[in-house]
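# Coordinate analysis (summary)
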Amino acid sequence: MLRPPLVRPRAVVLAGVAAALADHLRWPVGVVRIAFVCLVFAGGMGALFYLWLWAFVPVEPEPASTAGSPITRRVPAAAILLGLAGVVDLALVVAISGSNDDVVNFCLVAAMLSGGAAVAWSLALDRGDPARTTRYTYVVRIGAVASLLIAGIAVLLSRPTALNAVLGLVAIVLGGAVLVTPRVVSLWADLMTERSARVRDEQRAEIAAHLHDSVLQTLALIQNRAGASSEVARIARAQERELRDWLFADDQPPAGDLATELRTVAAAIELDYAVRIEVVSAGAPIEPADPSLVGAAREAMLNAARHAGGEVSVYLETSAGAIDVFIRDRGPGLDLSALPDDRLGIRESIIGRMTRAGGTATVRPGIASGTEVHLHLEVARD
Amino acid sequence: MIRVLIVDDHSIFRSGLRADLDESLEVVGEAAGVDDAVELIAATIPEVVLLDVHLPGGAGGGGAEVIRRSGTLLDRVRFLALSVSDSAEDVVGVIRAGARGYITKGNSGAEVSAAVTAVAGGDAVFSPRLAGFVLDAFGAAAGERAETSEELDRLSAREQEVMRLIARGFSYKEVASELFISVKTVETHVSAVLRKLQLSSRHELTAWALERKLL
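This section reports on the structure supplied with the text. Position labels on residues start from 1 in each chain and follow its written sequence. The naming scheme follows written order: chains are lettered A onward, ligands numbered 1 onward. Only residues with pLDDT of at least 70 get local features here, since the model is predicted, and only at 80 or more are side-chain atom pairs given and counted; chain-wide, interface and lining totals rely on the full set of residues.

### Let's talk about the overall build of chain B
Rules: Secondary structure follows DSSP: runs of H or I at least 4 residues long count as helices, runs of E at least 2 residues long count as strands, and numbering of each begins at the N terminus. Working definition of burial: number of other C-beta atoms within 10 Å of the residue's own, with buried at 20 or more, exposed at 12 or fewer, and partly exposed in between, all C-beta atoms being placed from the backbone.
On a plain count of helices and strands, chain B comes out with 10 helices and six strands. Residues classed as buried in chain B amount to 50% of the 215 residues present.

Set out below in structure tokens:
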């Protein structure tokens, strides 16, 4: 049987090392804990082994459903360390009244270590744990500062021998540092976030400029070398359109506007037929786009793409009282009266649709070649 | 032979265009940046400069800067803007700086050659899109119309008709037969519109350009 992988769980007592090991070895977790404690007495081996596992055993990956949840620890280690600092402080005061300098120094260093460790733990490991409130963090910090200052000042006032004085000063400085650390840490984090956001923006602008100068040019070149009606040109044009949309996403007119709708329709038709449709618009934007007008224009563009191909010009003009759309191709041209009745395309989906919407549609041959469809719709605008 | 200078920072595009241009055009040089272009124009005095709108170098003004810095040569050298961009600010910026026309790079070699020939002959070259911009910027779509021929800020009825037909994809010849006028007259109207575009102090046009830091 395969053993479960050696990973530390996300809800733990202290660091999850014993639980991880117990799970992996299929031992009861109590046995593992006792083994660690026993090994501590074998020259501190248990502690070293614990720290080593803590450093190298990975944390269990979080399940997708609870993404972003922090690791929770049942033991309030920071508070315990703070308590230890308090006990050491007491011991220090007792030692000061004695005569052994070494004991004083030992107590001073122990106070610094436990106080510093309490703050470090609460800042680094308890971050985001819902069981450790802001107030708890605050209390730990203030407590640590107080313990460090008490230790430092007490030593400086009573036994200013050289080493004691230095250690006492270090304790006081450390206390000050603990006081400002969280502020510095959060400022630093803000600075980093801001900087990375700025770098991202700059990068995007740079990429946009570069793509504009190089890729768009190449796509244009491909199109005019390959000829307007070839497959390659069609793909290049579709790519160019997509790239443009991405590059200039911010200054596009709002969707739903008539000109935008016509451009979207034209882009879709260009994908399916060997045709190049240029949509030009003038006048104020119309919102929302009239569906029958868009439908009729679409049908006219489709007709041009199917029967003429090549270049198709679409011109949209919106004035105070009317909307005009012209769709013009350069194909062989068509004679409306000669069309068989089953050609529903023009008769029904263009002329019929416009008539029902209260407008008109005219189909006429172009000057030299091709066909031009003119859609006209009166609108009441204020 | 019409002497042409190609200004574009994209070498593949320059060589592609050079190969595609009509045989009646002689390419006298190529430049890749603003400073190169200004020097080369002064040295070669080409009849037509095919000018990309986005160019590196100089003060960062691109094609419009090239035209401005070649200002003393404007009566001998004509500029035709050629760009992948079809945004309003690029088009209007380079035309107001003094370009005689604006076409996009999707156009074929034959179309570019025809445009170069037209510009060399003193005509203005309007793409459908540029005509659309003009109708928009001069309020033609909103029904504004110039009453006198001296007026710079609005288009006359005839100019509007011509611009509308160009926007609909008509060639100058087709515009002429549609309106029962000569091609020469169409060209005169287009040149008049170009002049208005360059000289107009029309509020919208200026505000529009200022907003985009063109002037």
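### A short note on the interface of chain A and chain B
Convention followed: A residue pair is marked as a contact if its C-beta atoms, positioned from the backbone, fall within 7 Å. Note that Gly is not counted as nonpolar here; it falls among the polar residues with everything else outside the nonpolar set of Ala, Val, Leu, Ile, Met, Phe, Trp, Tyr, Cys and Pro and the charged set of Asp, Glu, Lys and Arg.
Facing the 26 residues of chain A at the interface are 26 residues of chain B. At the level of secondary structure, the elements contributing two or more residues to the side of chain A that touches chain B comprise α7 (162–213), α8 (215–226), β3 (275–283), β4 (310–318) and β5 (322–329) of chain A. Broken down by element, the side of chain A that touches chain B gets its largest block of residues, eight residues, from α8 of chain A. Classifying every residue of the side of chain A that touches chain B gives 10 nonpolar, 11 polar and five charged.

### Some remarks on unusual backbone geometry
You will see that Arg 26 of chain A, though not glycine, has its phi angle at about 60 degrees, which is positive. Tracing the sequence through the fold places Arg 26 of chain A in the loop between α1 (17–25) and α2 (29–40). With a phi angle near 45 degrees, Ile 45 of chain B is a residue other than glycine that sits in the positive phi range. Position of Ile 45 of chain B relative to the elements: it lies in the loop between α2 (34–44) and β3 (48–51).

### Considering the sheet that holds strand β2 (residues 25–31) of chain B
As a reminder of what qualifies: Strands pair, by our definition, only if DSSP identifies at least two bridges between them.
Taken together, the six strands give an open sheet; going across it, the order is β2-β1-β3-β4-β5-β6 (chain B), and neighbouring strands pair in parallel fashion. Only two strands of the sheet have a single partner each, and these edge strands are β2 and β6 (125–126) of chain B.

### Concerning the nonpolar core
To keep things clear, this is the line we draw: A set of buried residues drawn from Ala, Val, Leu, Ile, Met, Phe, Trp, Tyr and Cys, joined through C-beta atoms within 7 Å, is what defines a nonpolar core.
The biggest cluster of nonpolar side chains holds 110 residues, and the ones touching the most others in it are Met 301 and Val 314 of chain A together with Leu 80 of chain B. In terms of residue count, helix α11 (residues 291–307) of chain A provides more of this core than any other element does, eight residues in total. Discounting residues that sit within four places of it in the chain, Val 314 of chain A has contacts with Leu 262, Ala 266, Ile 277, Glu 278, Val 279, Met 301, Val 325, Phe 326 and Ile 327 of chain A.

### What about helix α6 (residues 128–137) of chain B?
Residue and element names in this part refer to chain B. Across the 10 residues that make up α6, a large majority, 10, are buried. Along α6, the positions that sit buried rather than exposed are Pro 128, Arg 129, Leu 130, Ala 131, Gly 132, Phe 133, Val 134, Leu 135, Asp 136 and Ala 137. Taken from the residues just after α6, Gly 139 is the one with a positive phi, measuring 70 degrees.

### Side note on the pairing of β2 of chain B
All names here are of chain B. Put simply, the test is: A right-handed crossover is one whose linking path, passing over the helix from the first strand to the second, runs clockwise when the strands point away from the viewer.
Where strand β1 (residues 2–7) meets β2, six bridges bridge the pair, whose relative direction is parallel. When the sheet's bridge partners are listed, Ile 2 is paired in β2 with Leu 25. Crossover connection from β1 via helix α1 (residues 11–20) to parallel β2: handedness right-handed.

### Looking at the packing of helix α7 (residues 157–167) of chain B against helix α8 (residues 172–179) of chain B
Residues and elements named next belong to chain B. To keep things clear, this is the line we draw: Throughout, an axis means a line fitted to C-alpha atoms (over the contacting stretch in the case of helices), and angles, computed between N-to-C directions, take values from 0 to 180 degrees. Working definition: roughly parallel below 35 degrees, roughly antiparallel above 145 degrees, roughly perpendicular at 65 to 115 degrees, and oblique for all remaining angles. Should the near helix be turned anticlockwise from the far one by less than a right angle, the crossing is termed left-handed; should it be turned clockwise, right-handed.
At a minimum axis distance of 10 Å, the contact between α7 and α8 shows a crossing angle of 130 degrees. Relative to α8, the element α7 is oriented oblique. As α7 runs across α8, the sense of the crossing is right-handed. For the pair α7 and α8, the contacting residues are Glu 161, Val 162, Leu 165 and Ile 166 in the first and Val 175, Glu 178 and Leu 179 in the second. Taken together, the residues of the contact of α7 with α8 sort by class into five nonpolar, no polar and two charged.

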